[in-house]
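Read off the chains here:
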Amino acid sequence: MDRILYWIGTNFSHYCIAKSLKEKISSESYAIFDMTSKPQKFFEKENIVNFKKKWFFHNHIFNTKQMPDLEYLSKFEKKYNIQLSKIVFSERLFLEFNEFYKFQTNEILRILELECKFFEQVLDEIKPNFVLMYMPFLHQELLFFRLCKSKGIKTLELGNTRFDSAVIGFEDEIKKYESFKVEGMIRDFQELRNYFLGNYMLKSSNKMVKRTELSFNEKISMAIKYFIFTNDENIKNNFGYYGRNKIRVFLNYVNNIYRIKKRKKFIDDNFENKIKNEKYILYPLQTEAETSLLVESPLQNDQIEVIKKISKSMPIDYKLIVKEHPMAKSRSWRSIESYKKIMDIPRVILLHPEVKVQEIMEKISLVITISSNVALDALFSEKPAMMFAQNYISVIPSIFKIKNIQDLPENIETVLNKKVNPIDLEKYIQFSEKISFKFNPLAFTQDISDFFHFSGQLVDVKITEEKMNEFLEKENDKIGLLADEYIKKMSL
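Residues numbered from 1 in each chain as written. Predicted model: local features only at pLDDT ≥ 70, side-chain atom pairs only at ≥ 80, totals over all residues. Heavy atoms only, no water.

S.K.: Would you take a moment to explain the pattern of salt bridges for this structure?
M.R.: If charged atoms from side chains of opposite charge come close, those side chains can pair. Taken as a whole and judged by the stated rule, the model has 32 salt bridges. Its salt-bridge partner being Asp124, residue Lys151 comes within 2.8 Å of it at the nearest N-O pair. Here Lys151, found in the loop between helix H6 (139-150) and strand E5 (154-160), pairs with Asp124, found in helix H5 (residues 105-126); they are 27 residues apart in sequence, far enough to count as distant. Its relative accessible area of 30% is what places Lys151 among the partly exposed residues. A relative accessible area of 37% means that Asp124 is categorised as partly exposed. (Salt bridge = Lys/Arg side-chain N within 4 Å of Asp/Glu carboxyl O. Helix = DSSP H or I, 4+ residues; strand = E, 2+ residues; numbered from the N terminus. Buried < 20%, exposed > 50% of the residue type's maximum accessible area, 1.4 Å probe, protein only.)

Below, the structure written as structure tokens:
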């Protein structure tokens, strides 16, 4: 009988999948839960899935002020060939983005030590045949994912392609990209653009963002609900809540409403809305504290420094358009000080976030990005692109991979004279279709958030068996589809 280990976080997707798989195949189910105290109380007692054994991640992270065992961490790193610094120091909570608590280095390393020991103990105890989880976002998920891979456990992460579909085990699938052969006719650029515009994930992403937007009065109402109905229990055993209490979080939330308004006024007053007929290179700003920066490119995530380097490396007759990400609002925009630093860089134009990407593509010659999907927009608009990160779109040959920052001037000069090959886009589309199935994991995650978490506004919420069963019944078809796709993957 297969032993399946599930990683279940605030996104309950894999709890739903576990329930469906239990009904469809004979297996032993185990789970690691990574969540706050109120939902944990439900999962401690739940019998809908009836896991053979379950662990609660934050129960195993304790005494974080104790000195770390660096010898153990060094041996772990060598044993499993996992670069621990790259993982743990990419965690947003441990960086400057944390507004409530400043972690000391030894504290971070102690947390890392406890995580490594806990994950080793669980995997050695049950020796799972399969690990099912979402694509890693937080450092503990990435560490667990890497350890499972190192141990040779078939690890099936659920994620999305760039074309509004889902894929299971993307990291393994992408290794097959180079040997993949294109079939049939190669579409021309207009046909490729039509496909891109009709299937690009950004359309559904924008719809989900609108579902999370609240009016000023709704935000105030949510802040009051938080203050009345939450407690400070998570501070005791969840390092993600260190430094928080109801009053501090409430005041920060209310202050942030005004901070967003002030920063948006600065954007409206100072950013350009129109693009003149000159020579341009585009650098799309990425939202801070996001996975594509911290995980995919941990050594190149200081965007102001990257902009400076690009500005110094461009041909003298070019200007650099720096376009703010429209979703930066979800991170309260950037500080006014950061915007002023960008504006002070020679030959840089800050462009308003509401300017459409396609409008910009008509005016530029090249896109340079750390890891942004705007590189795909560029290729489908027949504009070359350069990228620092190694990710799921950097495999496209028409995207130039920046390997050495010292070579950036020569790289830019070379890529400016290159043309995008339509075969590269045809291959990427066909490959994405081959490894994926029609499903939107991001939309399903938002469904969970809407149903349980007030559209993501409150995470630490009470869950009842009645409410969970209501959701499982409501989303039965989607959950069944996911379970069936997992069964296909596990049978390979």
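S.K.: For this particular structure, what's the right way to read the packing of helix H3 (residues 70-80) against H5?
M.R.: How two helices pack is summed up by the angle between their axes together with the distance between the axes. Axis separation between H3 and H5 bottoms out at 10 Å; the angle between their running directions is 50°. One way to sum up the angle between H3 and H5 is to call them oblique. Judged by the twist between their axes, the crossing of H3 over H5 is left-handed. When H3 is examined against H5, the residues Leu70, Tyr72, Leu73, Phe76, Lys79 and Tyr80 are found in contact with a partner set consisting of Leu109, Leu112, Glu113, Cys116, Lys117 and Glu120. In the contact of H3 with H5, the residues fall into eight nonpolar, no polar and four charged. (Axes fitted to C-alpha atoms, helices over the stretch in contact; angles between N-to-C directions. Parallel < 35°, antiparallel > 145°, perpendicular 65-115°, else oblique. Left-handed = near helix turned anticlockwise from the far one by under 90°. Contact = heavy atoms within 4.5 Å. Nonpolar A, V, L, I, M, F, W, Y, C, P; charged D, E, K, R; others polar.)

S.K.: Is there a simple way to explain the pairing of strand E4 (residues 130-134) in this structure?
M.R.: Every other side chain in a regular strand lies on the same face of the sheet, so the side chains alternate between the two faces. Of all five residues that make up E4, five are buried, and the element is covered over most of its length. Side chains of E4 alternate between two faces, with Phe130, Leu132 and Tyr134 and Val131 and Met133 buried alike. Sheet analysis places strand E1 (residues 2-8) next to E4, joined by three bridges and oriented parallel. Paired with Leu5 across the strands is Val131, a residue of E4. Taken together, the five bridges between E4 and E5 define a ladder with parallel strand orientation. (Pairing = 2+ DSSP bridges.)

S.K.: It is not clear to me how the sheet that holds E1 should be interpreted in this structure. Could you clarify?
M.R.: The strands making up a sheet associate through backbone hydrogen bonding, with each pair oriented either parallel or antiparallel. Pairing is mixed across the open sheet formed by six strands, whose spatial order is E3-E2-E1-E4-E5-E6. If you trace the sheet from one side to the other, it starts and ends with strand E3 (53-56) and strand E6 (166-168), each paired once. With direction set aside, neighbouring strand axes in the sheet form an average angle of 15°. As defined by bridge partners, E1 adjoins strand E2 (residues 27-33) across seven bridges and the pair is classed as parallel. Its bridge partner being in E2, Trp7 is matched across the sheet by Ile32. Contacting E1, E4, E5 and E6, helix H22 (residues 476-490) crosses the sheet at an angle of about 140° to E5.

S.K.: Even after reading the chapter, I still don't get the sheet that holds strand E12 (residues 399-401), so can you show me in this structure?
M.R.: Strand order in this open sheet of six strands is E9-E8-E7-E10-E11-E12, and the pairing throughout is parallel. At either end of the open sheet lies a strand with only one pairing partner, and these are strand E9 (348-351) and E12. On average, each strand axis in the sheet is tilted by 25° relative to the strand beside it, whichever way the strands run. Of the strand pairs in this sheet, strand E7 (residues 280-284) and strand E8 (residues 319-323) are connected by five bridges, and their pairing is parallel. Looking at the pairing, Pro284 lines up with Lys323 of E8. Its contacts with the sheet put helix H18 (residues 408-416) on E7, strand E10 (366-369), strand E11 (385-387) and E12, and the angle it makes with E11 is roughly 150°.

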